[in-house]
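These are the residues of each chain, in order.
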Amino acid sequence: GARRSTSRIFLPHLVASIEEVEETYVMVKPDGVQRGLVGDIISRFEKKGFLLKGLKLFQCPKELAEEHYKELKDKSFYPKLIKYITSGPVVCMAWEGIGVVASARKLIGATNPLQADPGTIRGDLAVQTGRNVVHGSDSPDNGHREIDLWFKQDELCEWVPAQEPWLKE
Ligand code: ADP
């Protein structure tokens, strides 16, 4: 859509060295909300220096959960996953930044919390794959897709934080 301001530079041999602005969809799952972990989780992305573009508490309808996880629909755990994600409110977030997709995945940690490194959200705060407290998009394309899926256009803000000169030279 028109709100995408990301610069696209079509020089394939240089792409790896170009730091590109991305956006990613992060969600505190129902267990994270019920356990009172919302503030801690938001705080990690905020303190890192990423830009918050959208934020809401939301009861996810079944159809949206199915669309979000459609690539997993043939997995044995899929019905349980849909039940889990719709079992209570979630906190939806859109974060922007250079390299934010992979970095958010690092902050979140491995899918199985017992294998997630200490210091990551799942490593610090969870024990089971089926209750792993947080979601993060796995690619820039999915970042765009999921933000479009979970947010309406007028729920997203384009803004420049006052701290920006202290984050980027
Ligand atoms: P990630 O969320 O780390 O990107 P996946 O995309 O593989 O991981 O899976 C999506 C979500 O499905 C996981 O975060 C987890 O909540 C759930 N899930 C994945 N594998 C299992 C499993 N074996 N048993 C139960 N739930 C699972």
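Residues numbered from 1 in each chain as written. Predicted model: local features only at pLDDT ≥ 70, side-chain atom pairs only at ≥ 80, totals over all residues. Heavy atoms only, no water.

1. Comments concerning the site of the ligand
Piece 1. Taken together, Lys-29, Tyr-69, Leu-72, Phe-77, Leu-81, Tyr-84, Arg-105, Thr-111, Arg-122, Thr-129, Gly-130 and Asn-132 make up the full set of residues near the ligand.
Piece 2. Computed on the free molecule, the ligand has an accessible area of 530 Å², of which 73% lies beneath the protein chains in the complex.
Piece 3. Within the shell around the ligand, the residues separate by chemical class into five nonpolar, four polar and three charged. (Near = heavy atom within 4 Å. Areas by Shrake-Rupley, 256 points an atom, 1.4 Å probe, with all protein chains shown as cover. Nonpolar A, V, L, I, M, F, W, Y, C, P; charged D, E, K, R; others polar.)

2. Comments concerning unusual backbone geometry
What you tend to see is this: most non-glycine residues have negative phi, and most peptide bonds are trans.
Piece 1. One non-glycine residue, Val-133, lies in positive phi territory at about 60°.
Piece 2. By relative accessible area, which is 0% here, Val-133 ends up buried. (Buried < 20%, exposed > 50% of the residue type's maximum accessible area, 1.4 Å probe, protein only.)

3. Things to note about the UniProt feature "binding site: ATP" (unreviewed entry) in the protein chain
Piece 1. The UniProt entry lists Lys-29, Phe-77, Arg-105, Thr-111, Arg-122 and Asn-132 under the feature "binding site: ATP" (unreviewed entry), expressed in the numbering used here.
Piece 2. Considering the arrangement of structural elements, one finds Phe-77 in the loop between helix H3 (62–68) and helix H4 (78–85).
Piece 3. What makes Phe-77 partly exposed here is its relative accessible area of 38%.
Piece 4. With respect to the element layout, Thr-111 can be found in the loop between helix H5 (100–108) and helix H6 (121–125).
Piece 5. When its relative accessible area of 46% is taken as the criterion, Thr-111 is described as partly exposed. (UniProt positions renumbered as here; feature names shortened; annotations may be inferred. Helix = DSSP H or I, 4+ residues; strand = E, 2+ residues; numbered from the N terminus.)

4. Considerations on the packing of aromatic side chains
Piece 1. If you walk through the whole model with that rule in mind, you get four aromatic pairs.
Piece 2. A ring pair is formed by Tyr-25 and Phe-151, whose centres lie 6.3 Å apart and whose planes are at 75°; its orientation type is edge-to-face. Separated by 126 residues along the polypeptide, Tyr-25 in strand S1 (residues 21–28) and Phe-151 in the loop between helix H7 (140–150) and helix H8 (164–167) bring together distant segments of the chain.
Piece 3. For Phe-151, a relative accessible area of 6% corresponds to the buried category. (Phe/Tyr/Trp six-rings, centres within 6.5 Å; stacked < 30°, edge-to-face > 60°.)

5. Details of the pairing of strand S3 (residues 90–98)
Piece 1. Burial analysis of S3 places eight of its nine residues in the buried class, which makes it a mostly covered element.
Piece 2. Taken together, the seven bridges between strand S2 (residues 51–58) and S3 define a ladder with antiparallel strand orientation. When the bridges of S3 are listed, Leu-57 appears paired with Val-91. (Pairing = 2+ DSSP bridges.)

6. What to know about the UniProt feature "domain: Nucleoside diphosphate kinase-like" (unreviewed entry) in the protein chain
Piece 1. As annotated by UniProt and renumbered to match this structure, "domain: Nucleoside diphosphate kinase-like" (unreviewed entry) occupies residues 21–158.
Piece 2. Helix and strand shares over residues 21–158 are 41% and 20% respectively, and the end C-alpha atoms of the span are 13 Å apart.

7. Observations regarding the sheet that holds S3
Piece 1. Strands sit in the order S2-S3-S1-S4 across an open sheet of four strands; the sheet is antiparallel. Every other strand in the sheet has two partners, leaving S2 and strand S4 (134–136) as the edge strands with one partner each. Averaged over neighbouring strand pairs, the angle between their axes works out to 15° when direction is ignored.
Piece 2. Pairing of S1 with S4 involves three bridges; the strand directions are antiparallel. For Met-27, the partnering residue across the bridge sits in S4 and is His-135. (Axes fitted to C-alpha atoms, helices over the stretch in contact; angles between N-to-C directions.)

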